[in-house]
Amino acid sequence: MMSPVTSQPYQKPSFGNGNSVSGELNASTPHWYQLPVLKRLASVCLLLAFWQVCVVAFNPALLPAPTDVFSRLGSELQGPLLYHLGQTLLRVGIAFSIAMVIGIAIGLVMGHSKRVDDWADSILTLMLNVPALVTIILCFIWFGLNDIAAILAVVLNKAPNVAVTLREGARAVDSKLMEVAKVYQLSPLRTFSKVYLPQLYPYVIAAARGGLALVWKIVLVVELIGCSNGVGFQLSTYFQLFDITAILAYTLAFVSIVYGIEALVLRPLEKRVSGWRQR
Amino acid sequence: MRIEVKLKAFEAATPLIADLNFSVEEGEIVALIGPSGAGKSTLLNIIAGLDTDYDGNIANVPERPVGLMFQEARLMPWLTALENITLVAPASHPDPQSEAKKLLSLVGLEKDINSYPARLSGGMAKRLALARAMMFNPGVLLMDEPFSSLDAPAAESLRRLLLTLKKEKPFSIIYVTHDLKEAVTIADRVLILDAKPMTIVHQEIISLPRPRFLHDEAVNEVCKPLYNAFPALLYGDTDR
């Protein structure tokens, strides 16, 4: 009598990351070497091997071998690396949170109010196009070489991006579903949490993922210019000493942590709030 | 429930609804039928309280709330079938979970309790929307061409389901359609509407015994003189 919408039964993926909708899902039982995690690992290992071979073969003066970088990372871990890493992550965390909150608020107001949007749109576009370096320099000049100026500079760079994404989210809110909430007399709290917010989750997650990538890069520049600790500060010190091994060791440590946050926090979160799209 | 709409206009020069008055008795099914674009959905929005910008009055509102079943199912895609139903349960409800489960089995969706709407067919989604409307326990249920997107057998079975649910917990229905045969099959009373502005031009009381089916000869007999009397209003649609 009624035919189901999908003619093929959906196969629930038993492995891999949530956002891959590739052909792998159709394979009945994947071989171990097809696991996406292993592919990711293998590509990194191949890169390291290539690097090592190049260094051994050509012995370049300005490129240390990966083995040297790893052993330097080991020794730096005994030294001040963790302290500077902590300082940087603290700045990233604070700036990221403030930028998200402000950006989401501005984006939602602009998305829902045509009048506010008309007034604020050109300022937003302006803010999006001011180079990060300019904001950073101005903040340090105006507010001094302190952490408040540093974090303000990052927030000013990031919040407009979040606002633009969330403005799209607010515009995409389905008024037909909001009508359902009204007809069925849902409480404001329930309307917000069960009808409104779920429509924004994809946009919040997108803003957060893009935000993390942008914020930590800006934080390093901020530290390089006007802070006396943090990974950026250390990088500038080692730049002056021409210590390439140390620069790469710091980079490695920091990138691993950011990758970890992405893989262990953001991606699982995204999978959780968009689970209904896949089941 | 007594509905009086003196005037509803989006632009002052062209009234959409003018002097449209009718009442619905307890447990009665009233079908509204008229050409597309006449403003039937707007009228339902007024009765449901979604649109308050009109001149008129809705009186003798029943104690239980007014429910509205939209033309589309309008389910929350991120909630399971069960969650879609419990969503509309009043805060004071003692046990929404078990009533929702009962409703799901009444509409034949007991196996899809944890399915997301994207996994349901059009007919199943409509059943779920109907179960949701029942959870709201309406005194009057407004239905805006609720089954028009379904194929004939699915629509037939949903109309039967609707009458079964109505017996469980009686409520009145205002049923908007553009199909006279469907109106005669489902309703106790059919109101034929004219457009620009929308008013009632004819009322027909349907006393045929139930169950009635769309292609019953008796339904045809009732329809024939009406088609002859109001050809412009009843034939104007694309599917006839």
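Residues numbered from 1 in each chain as written. Chains lettered and ligands numbered in written order. Predicted model: local features only at pLDDT ≥ 70, side-chain atom pairs only at ≥ 80, totals over all residues. Heavy atoms only, no water.

Draft legend 1. A look at the side chain of A:Thr135. Residue and element names in this part refer to chain A. Mapped onto the fold, Thr 135 is located in helix α5 (residues 132-143). Assessed through its relative accessible area of 13%, Thr 135 is described here as buried. The contact partners of Thr 135, leaving out residues within four places of it in the chain, are Val 130, Ala 153, Leu 156 and Asn 157. (Helix = DSSP H or I, 4+ residues; strand = E, 2+ residues; numbered from the N terminus. Buried < 20%, exposed > 50% of the residue type's maximum accessible area, 1.4 Å probe, protein only. Contact = heavy atoms within 4.5 Å.)

Draft legend 2. Quick peek at the environment of A:Leu126. All names here are of chain A. As for its placement among the helices and strands, Leu 126 is situated in helix α4 (residues 114-129). Since its relative accessible area comes to 58%, Leu 126 is described here as exposed. Through-space distance from the C-alpha of Leu 126 to that of Pro 160 is 9.4 Å; in sequence the pair is 34 residues apart.

Draft legend 3. Quick look at the nonpolar core. Counting residues in hydrophobic clusters, the biggest one holds 98 residues, and the most contacted among them are B:Phe22, B:Ile47, B:Ile174 and B:Val190. Per element, the largest residue contribution to this core is 9 residues, and it comes from helix α4 (residues 122-135) of chain B. For this core, the two domains that each supply at least three residues are domain 1 (2-65 + 139-234) and domain 2 (79-137) of chain B. Once residues lying within four places of it in the same chain are set aside, the contact partners of B:Val190 are B:Ala31, B:Ile33, B:Leu180, B:Ala183, B:Val184, B:His202, B:Gln203, B:Glu204 and B:Ile206. A:Leu108, A:Cys139, A:Ala150 and A:Leu235 belong to the second largest nonpolar core, which has 46 residues in total. (Core = buried A, V, L, I, M, F, W, Y, C linked by side-chain atoms within 4.5 Å. Domains from an automatic or database assignment.)

Draft legend 4. Structural view of the pattern of salt bridges. Within the structure shown, the criterion is met by 24 salt bridges over all chains. Close ionic contact of A:Arg209 with A:Glu262 constitutes a salt bridge, the shortest N to O distance being 2.5 Å. Linking A:Arg209 in helix α8 (residues 188-226) with A:Glu262 in helix α10 (residues 244-273), this pair joins segments that are 53 residues apart in sequence. Judged by relative accessible area, which is 15%, A:Glu262 ranks as buried. The shortest N-O distance in the salt bridge between B:Arg159 and B:Glu182 comes to 3.0 Å. Here B:Glu182 lies in helix α6 (residues 180-186) and B:Arg159 lies in helix α5 (residues 152-168), a separation of 23 residues in the sequence. Side by side, B:Arg159 and B:Glu182 carry an identical accessibility label, which is buried. When salt bridges with common partners are traced through the structure, they connect A:Asp117, A:Asp121, A:Arg167, A:Glu168 and A:Arg171 into a single cluster. (Salt bridge = Lys/Arg side-chain N within 4 Å of Asp/Glu carboxyl O.)

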